[in-house]
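Summary of structural features
Next come the chains, spelled out residue by residue.
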Amino acid sequence: MSITGIKGMNDILPGEVETWQFLEQNARQIFGAFGYREIRVPVAEKTELFCRSIGETTDIVEKEMYTFSDKGGTSMTLRPEGTAPVMRAFIEHKLHNLDPVTKLYYLGPMFRHERPQKGRYRQFHQIGAEVIGLDDPKIDAQVLAMLSHFFQAVGITGVALQVNSLGCPECRPDYRQTLLAFLHDRLPQLCADCQRRAATNPLRALDCKVPGCIEATAGAPAMVEHLCSGCALHFDAVRGHLNQLEVPFAVNPRMVRGLDYYTKTTFEMVTDRLGAQSAVAAGGRYDGLIASLGGPPLPGIGFAMGEERLALLLSDSAATPPGPAVFIATLGSEAASYGFRLLTRLQREGIYAEMEYAGKSLKAQLRRADKLGAQKVLILGGDELARGVAQIRDMAAGTQAEVPLEDIDKLVRSAG
Ligand code: HAM
């Protein structure tokens, strides 16, 4: 029996990978223009990092982490997200000493043991960005402007930006008490998960998708109505800057994030085109996270986009990749050998060139050129070689002409 891949961990095949490259190139270019630089961190970290940052009572830490002991007995976890590892690296390498403001982006696989379905996988990929060292509401708006611009630039429509504020250690505890009291009266209507978590992580009940919980929490008090004056001013300013930058958004007072490190501004880019998986991108401010991990007391804000979800939204419109600039078809062994050297020379010069290696008939070679979508076919025969010429066929125009061998590079370049 042949060995198959692991459930929920996908191959990204040629034909699909072009969409991924397109997304990644756009992210690099756009994030670069906004002043972000790439950081690459390992796929595994000490388990404690995620417990301390994401939160012990979150779904991710309670149920979804790929955790194992290595041969030395260290508990390691495959990263379920990128923010905690990036903050760990930021603190460890004292990046704040280089510049008081640090803007970083990252791309790569993340791992969560969730039940796989469309848009939800066990290995998935995030493109994320983080800004450390600024608590000005302008930067919140700018991060969201960059995120919205990314969606526009890659041509993904039908997504909407939702924002909320989750308050800070000054106002959230009071709100939590208010919410707890509200939930207490409705405990029997809540699902088993929410009942269990009501005392430890009551905000999650607002995010629960079970119909009974949605109904029971319909009139729940909202965090935005219980913000302290600092948080309320911050949130007002963020909304003002978003309007100035003409970034469309809606306030969703029921949005709570699945990770505990958030403070103040939180947001999600949502769609109704992916079934149950509505968030294509998500993030927020995490002003206490770096200090809680033993770093300096610096604020931070960022987001991550799910690349599989972006690719699903783009898949209807994905462009077919361009074919070779030239396909070299040969007749006879001398021409085949000349063609092989020419092929390698063109490829070394960065021109996408192909040929048929198995000495098939000219008809078979032309069929292959057509299948690959070659723009031009160069036909080399023994007689022509002796005269120092070749035939060049323009596949789109259907025309063919004789050209001197020394002009080939120029002609091929004009196709490429
Ligand atoms: P998150 O909301 O857990 O946030 O994930 C961000 C995005 O990753 C989601 O909106 C979704 O597109 C994608 N995603 C999450 N889980 C899966 C999955 N199982 N399969 C496919 N895609 C998935 C974070 O991870 C935070 N670190 C974001 C952040 C950065 N906050 C501040 N900075």
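What you are looking at is a predicted structure, and each value in this text was computed from that prediction instead of being measured.

About the criteria used
- Residues numbered from 1 in each chain as written.
- Predicted model: local features only at pLDDT ≥ 70, side-chain atom pairs only at ≥ 80, totals over all residues.
- Heavy atoms only, no water.
- Domains from an automatic or database assignment.
- Helix = DSSP H or I, 4+ residues; strand = E, 2+ residues; numbered from the N terminus.
- Buried < 20%, exposed > 50% of the residue type's maximum accessible area, 1.4 Å probe, protein only.
- Axes fitted to C-alpha atoms, helices over the stretch in contact; angles between N-to-C directions.
- Parallel < 35°, antiparallel > 145°, perpendicular 65-115°, else oblique.
- Left-handed = near helix turned anticlockwise from the far one by under 90°.
- Contact = heavy atoms within 4.5 Å.
- Pairing = 2+ DSSP bridges.
- Near = heavy atom within 4 Å.
- Polar contact = N/O pair within 3.5 Å; in protein donor to acceptor, adjacent residues only side chain to side chain.
- Areas by Shrake-Rupley, 256 points an atom, 1.4 Å probe, with all protein chains shown as cover.
- Phe/Tyr/Trp six-rings, centres within 6.5 Å; stacked < 30°, edge-to-face > 60°.
- Lys NZ or Arg CZ within 6 Å of the ring centre and 35° of its normal.

**Focus: the domain arrangement of the protein chain**
One can read the domain layout of the protein chain as domain 1 (17-171 + 227-314) and domain 2 (326-415). The C-alpha-based centres of domain 1 and domain 2 are spaced at 49 Å.

**Quick notes on unusual backbone geometry**
Of note in the backbone geometry, Glu246 takes a positive phi value of approximately 55 degrees without being a glycine. Counting through the fold element by element, Glu246 comes out in the loop between helix 9 (229-244) and strand 8 (250-251). Under the relative-accessibility criterion, Glu246 is labelled exposed at 69%.

**Some remarks on the packing of helix 1 (residues 17-33) against helix 5 (residues 137-154)**
The geometry of helix 1 relative to helix 5 is characterised by a closest axis approach of 10 Å and an angle of 140 degrees between their N-to-C directions. Our classification of the angle between helix 1 and helix 5 gives oblique. Of the two elements, helix 1 crosses helix 5, and the hand of that crossing is right-handed. Every residue of helix 5 that contacts helix 1 at Phe22, Leu23, Asn26, Ala27, Ile30 and Phe31 is listed here: Met146, His149, Phe150, Ala153 and Val154.

**Thoughts on the pairing of strand 7 (residues 159-165)**
Where strand 7 and strand 9 (residues 263-271) come together, seven bridges link them in antiparallel fashion. Its bridge partner being in strand 9, Ser165 is matched across the sheet by Thr265. In this structure, strand 7 lies alongside strand 8, joined through two bridges in parallel fashion. Considered in strand 8, the bridge of Gln162 is made with Ala250.

**Considerations on the site of the ligand**
Taken together, 27 residues lie around the ligand, and Glu81, Glu114, Glu130, Arg257 and Tyr262 are the ones closest in. A distance of 2.7 Å separates a nitrogen atom of the ligand from a polar side-chain atom of Glu114. At 3.2 Å from an oxygen atom of the ligand is found a main-chain nitrogen or oxygen belonging to Gly306. Protein contacts shield 96% of the accessible area of the ligand, which totals 660 Å² for the unbound molecule. Those elements that place two or more of their residues in the shell around the ligand are strand 6 (123-132), strand 10 (279-285) and strand 11 (300-306).

**Concerning the environment of Leu206**
If you trace the backbone, Leu206 turns up in the loop between helix 7 (192-197) and helix 8 (211-216). Accessibility expressed as a relative area gives 7% for Leu206, which makes it buried. Along the primary structure Leu206 and Glu92 are separated by 114 residues, whereas in three dimensions their C-alpha atoms are 36 Å apart.

**A word on the packing of aromatic side chains**
Scanning the entire structure with this criterion turns up eight aromatic pairs. Seen in terms of ring centroids, Phe31 and Tyr36 are 6.1 Å apart; in terms of plane orientation they differ by 50 degrees. Their pairing is tilted. Under the relative-accessibility criterion, Tyr36 is labelled buried at 5%. For the ring pair Phe31 and Phe303, a centre distance of 6.0 Å and an interplane angle of 85 degrees mean the geometry is edge-to-face. One end of the pair, Phe31, is in helix 1; the other, Phe303, is in strand 11, with 272 residues separating them in the sequence. A relative accessible area of 0% means that Phe31 is categorised as buried. The class for Phe303 is buried, based on a relative accessible area of 2%. Note that Arg186 overlies the ring of Phe182, its terminal NZ or CZ placed 3.7 Å from the centroid.

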